[in-house]
Amino acid sequence: MDYTLLQETKIHGTATFPYSVYCGRIPEWLHSFPLHWHDDFEIIYCTKGQIQVTLWGHIYILHDKDLIVILPHAVHSIEQGSTEGGEYFNIMFHPSLFKGTEEDPCYDKYVLPFLKGKQTMDCFYPANSPFNQTVTSSILSMYAHREESYSTYELFIKSNLFLLLHHMNQNS
């Protein structure tokens, strides 16, 4: 299969601050988000009902407060998980948000391995899992401040993303 045909090239957020939060309600707002991949990290957090996330051909059913971590370049889709459907939000952020100077040792050590496929992690975290319980407060804070994220909360958002990256590395 030619995966380049599935590439999503949309810039999430802005070119200078590539970060965005989207809310979804399946099937009311959309029936599904088809198979695709992108250069961004993505966190999908189920807030109500059930949603189905397919990642590299493996199906995950997310219930209330479950989350899934989508690493850059991972082929995935979002669909209805039950007859009632579900609600979720996804946080998308480009790896460039972690880049400092030209030769940033932290970027090289903690971000590049995810981008190059040399480092991976489990993707599905039920509500009661240790990783989920550790990162949920940061994820919910970013969701709560999604409207201000481009005006007055950039430092807040970036600090939460760095904290999330720290925990992702601890769990990889």
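Anything mentioned here points back to the structure above.
This write-up is about the structure you can find in this document. (Residues numbered from 1 in each chain as written. Predicted model: local features only at pLDDT ≥ 70, side-chain atom pairs only at ≥ 80, totals over all residues. Heavy atoms only, no water.)

1. Some points on the packing of helix 2 (residues 130–144) against helix 3 (residues 154–170)
This is how the line gets drawn: Orientation is described by axes fitted as lines to C-alpha atoms, over the contacting stretch for helices, and by angles from 0 to 180 degrees between their N-to-C directions. In DSSP terms, a helix is any run of H or I states spanning at least four residues, a strand is any run of E spanning at least two, and both are numbered starting from the N terminus. Any angle from 65 to 115 degrees is called roughly perpendicular, while one under 35 is roughly parallel, one over 145 is roughly antiparallel, and all others are oblique. Handedness of a crossing is defined here by the sense of rotation of the near helix relative to the far one, left-handed for an anticlockwise turn of less than a right angle and right-handed for a clockwise turn. Two residues form a contact once any of their heavy atoms are found within 4.5 Å.
Contact pair helix 2 / helix 3: the axes reach a minimum separation of 10 Å and the direction vectors enclose 165 degrees. In terms of their interaxial angle, helix 2 and helix 3 are classed as roughly antiparallel. For helix 2 against helix 3, the interelement crossing comes out left-handed. The residues of helix 3 that touch helix 2, namely those facing Phe131, Thr134, Val135, Ser138, Ser141 and Met142, are Phe156, Ile157, Asn160, Leu161, Leu163, Leu164, His167 and Met168.

2. A closer look at helix 3
For an α-helix the count is 3.6 residues per turn, leaving residues at separations of three or four pointing the same way. What counts is decided by this rule: How far a helix is expected to stretch is found by multiplying one less than its residue total by 1.5 Å. We call a residue buried when its accessible area falls under 20% of the maximum for its residue type, exposed when it is over 50%, and partly exposed in between, using a 1.4 Å probe and counting protein chains only.
Spanning 17 residues, helix 3 covers 24 Å between terminal C-alpha atoms, matching the ideal 24 Å at 1.5 Å per step. Along helix 3, the residues classified as buried are Ile157, Asn160, Leu161, Leu164, Leu165, His167, Met168 and Asn169. Against strand 1 (19–26), strand 3 (41–49), strand 6 (67–70), strand 8 (86–93), helix 1 (105–115) and helix 2 lie the buried residues of helix 3.

3. A closer look at the environment of Tyr110
Checked against the element boundaries, Tyr110 lands in helix 1. Assessed through its relative accessible area of 34%, Tyr110 is described here as partly exposed. Along the chain, Tyr110 and Leu71 lie 39 residues apart, while their C-alpha atoms are 13 Å from each other. Look past the residues within four positions of Tyr110 in its chain and what remains in contact with it is Leu165 and Asn169.

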